[in-house]
Amino acid sequence: MLFVLAQSNDFVPQSPPFANGNVIPGWPQNTDLNQCLSSCRDYQQGCVGLTWKQPSDSPQVCWIYSAIYSWTNDGICANNACQGYSKVEREYVDRRFFDQQYNPWALGGTLPGYPSYGGSFQQCHQACQATNACFAFVFRRRNPQTGEGTICYLKPQGVTWTTDQICGFDGRSLCSSYSKKTNPGLPQQIDTQVFEQQVYPFADGATLPGYPVYNQINTAYDCSFKCKTISSCGGFTFKQKDPLNPNDQTICWLKPFGVTWRDDGLCQQNGQQLCQGWSKLDQTGGVGQGPPVDQNLFLPVFGFGVGGTLPGFPTYDKQRNPYECSIECLRQPDCAGITFIYKNPANPSSNNLCFLKFQGTVWQNDGICFQNGYSLCASYKKRLYTAQG
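Residues numbered from 1 in each chain as written. Predicted model: local features only at pLDDT ≥ 70, side-chain atom pairs only at ≥ 80, totals over all residues. Heavy atoms only, no water.

> Got a sec to walk through the overall build of the protein chain? Specific residues and values, please.
Each helix and strand counted, the protein chain has four helices and 32 strands in total. Within the protein chain, buried positions represent 47% of all 389 residues. A fraction of 74% describes how many contacts in the protein chain between residues 6 or more apart in sequence connect residues 24 or more apart. Taken as a whole, the protein chain presents about 18,700 Å² of accessible surface, with 49% of it coming from carbon and sulfur. (Helix = DSSP H or I, 4+ residues; strand = E, 2+ residues; numbered from the N terminus. Buried < 20%, exposed > 50% of the residue type's maximum accessible area, 1.4 Å probe, protein only. Contact = heavy atoms within 4.5 Å. Areas by Shrake-Rupley, 256 points an atom, 1.4 Å probe, with all protein chains shown as cover.)

Below is the structure:
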C-alpha cells in the first residue's frame, strides 16, 4: 500500500522507516500521523524521531523516541505500512558559556558513562552544562553513509582539539564541538534582590549534596547562580584563590536555609579575606511582589506563549509571581520561555498560572491575558544563542 509522506520542516523522512531505540515512556499510542508528529515536535521532552504505522488490519500506532540507534525494516511495516521521521534539530548553544571549536575532535579522556548514543544535540549540550566535571562536549550527528546514530562525548579538563576520522564524512564534519568558557561573559554583580551579603562569610552546618566543589566554579557570581536555581539552597560561601599561593583553589559551598555565619581560618590567608558569604532572602509576599525577572537571562516578550507546554505545566498557585516561574524555567533544560498569568482580581476563584514553554513557541496577543479590564500576563523568552552566534 502506497501513500504520500507527510511534509514538515521539522522532520526528515527515513527509509527504512522503523526506528530501533529508546521509546519515550507512555508510548506507543494510538494516534493519527499529525498527532504523532506534533507530539514529537511540541510536547515531548527529548524526542529525536518517530515511527508511525497506518491502520490496516490493526490500529494506527505511533512510537516516539528519546534515542534512535538505527533505522531498519520490520515485519510490522510490511506493505509500506510505516513512516519514519527523524526530527530536524536546531543547535542552540548559550554562547556566554561555550566557545565553538573548529578542530572538532577532543583528544583526551571521556567522562564516566559516556559516550552516550542516539540522543539529541540539546541533550548533549545540557548534560555538559549541568555537569561540573564537564569542560567540553562533542556531538556527532548521524552518519548517513553507515546509518550509525548520534553520539555524545562529555570531556574533562585538558583535552586537545584536533581532527579525527570519527567526525569526517564525504569531506564534511559530522561533529559539533564546544568547550566551556573559563570566564563566562556574565554580569558579575550578585543579585541583591535575591541575596544579602553576610558580615561573617563562612556558613556553618550541612552542605547541599554534591558540594563543595573545587576549582570548577570560578567566581562568586557563578556560585550564586547555582544557589539561585536550587530551591533548597538558602545561601552560599565562595572562596577565591589566594593570589600568593599558586596551588590554591576556588571553593563553592551551597548551604540549606537556617545556617549560622562565622569567620573561618580557611578564609583568612596571607592577611587577605578570600571568602564571600551570602544568604538567600525570604521570597514571600503576595502576587507580583517577588523580585524582578533577571533580564540578563530572559528577554521580555508581549502576549501569551502559543505552542508546546512542558509536561506538568501549567501549575496552579505553586509559583506566585513571574520571578518564581522564571526560576522554574532555569531548572528545566527544555524550557525556552514562560508565560505567567496573575490571578484575576475580579475573580476570587482564579489562580496564578505558570506556563513553561518549549522552543518554537510563538508569543502573541491572546484574550486570556486581558480580562475584566486587567492585563494579567507576563511573558519572557530565555536568552539563547545559536551556534552561528
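> Before we move on, could you go through the environment of Leu353 and cite the residues and values that matter?
Here Leu353 lies in strand 28 (residues 353-357). Judged by its relative accessible area of 14%, Leu353 falls in the buried class. The contact partners of Leu353, leaving out residues within four places of it in the chain, are Thr315, Tyr316, Thr339, Phe340 and Ile341.

> Would you mind going over the sheet that holds strand 1 (residues 11-14) in detail, with residue names and values included?
Pairing is antiparallel across the open sheet formed by five strands, whose spatial order is 1-5-3-4-2. Looking at the sheet topology across the chains shown, the edges are occupied by strand 1 and strand 2 (18-23). The sheet shows a mean angle of 45 degrees between the axes of neighbouring strands, taken without regard to direction. With four bridges connecting them, strand 1 and strand 5 (residues 82-87) associate as antiparallel partners. Residue pairing in the sheet places Phe11 in a bridge with Lys87 of strand 5. (Pairing = 2+ DSSP bridges. Axes fitted to C-alpha atoms, helices over the stretch in contact; angles between N-to-C directions.)

> Could you give an account of the side chain of Thr339, with specific residues and numbers?
Relative to the assigned elements, Thr339 resides in strand 27 (residues 337-341). Thr339 sits in the buried class, given a relative accessible area of 0%. There is a polar contact of 3.1 Å between the side chain of Thr339 and the backbone nitrogen of Gly305. In this structure, Thr339 is in contact with Gly303, Phe304, Gly305, Cys325, Leu353, Cys354, Phe355, Trp363, Cys377, Ala378 and Ser379, ignoring residues within four places of it in sequence. (Polar contact = N/O pair within 3.5 Å; in protein donor to acceptor, adjacent residues only side chain to side chain.)

> Please give an account of the packing of aromatic side chains that cites residues and values.
Tallied over the full model, the rule gives eleven aromatic pairs. Seen in terms of ring centroids, Phe98 and Phe137 are 5.5 Å apart; in terms of plane orientation they differ by 80 degrees. Their pairing is edge-to-face. Of the two residues, Phe98 is situated in strand 6 (residues 98-100) and Phe137 in strand 9 (residues 136-140); the sequence distance between them amounts to 39 residues. For the pair Phe98 and Phe137, a shared accessibility class is recorded, and that class is buried. Among the aromatic residues, ring-to-ring pairing joins Phe98, Phe121, Phe137, Phe139 and Tyr178 into one connected group. (Phe/Tyr/Trp six-rings, centres within 6.5 Å; stacked < 30°, edge-to-face > 60°.)

> Quick one: what's the story with unusual backbone geometry, residue by residue and with numbers?
Here the bond from Ser15 into Pro16 is cis, since omega is 5 degrees, no more than 30 degrees from zero. In this fold, Pro16 is placed in the loop between strand 1 and strand 2. Between Tyr211 and the following residue, Pro212, the backbone shows a cis peptide bond with an omega angle of 5 degrees. Along the polypeptide, Pro212 turns up in the loop between strand 16 (202-203) and strand 17 (213-214). With a phi angle near 60 degrees, Asn79 is a residue other than glycine that sits in the positive phi range. Of note, Asn79 is situated in the loop between strand 4 (61-72) and strand 5. Residue Asn80 is not a glycine yet carries a positive backbone phi of 55 degrees. Here Asn80 is to be found in the loop between strand 4 and strand 5.

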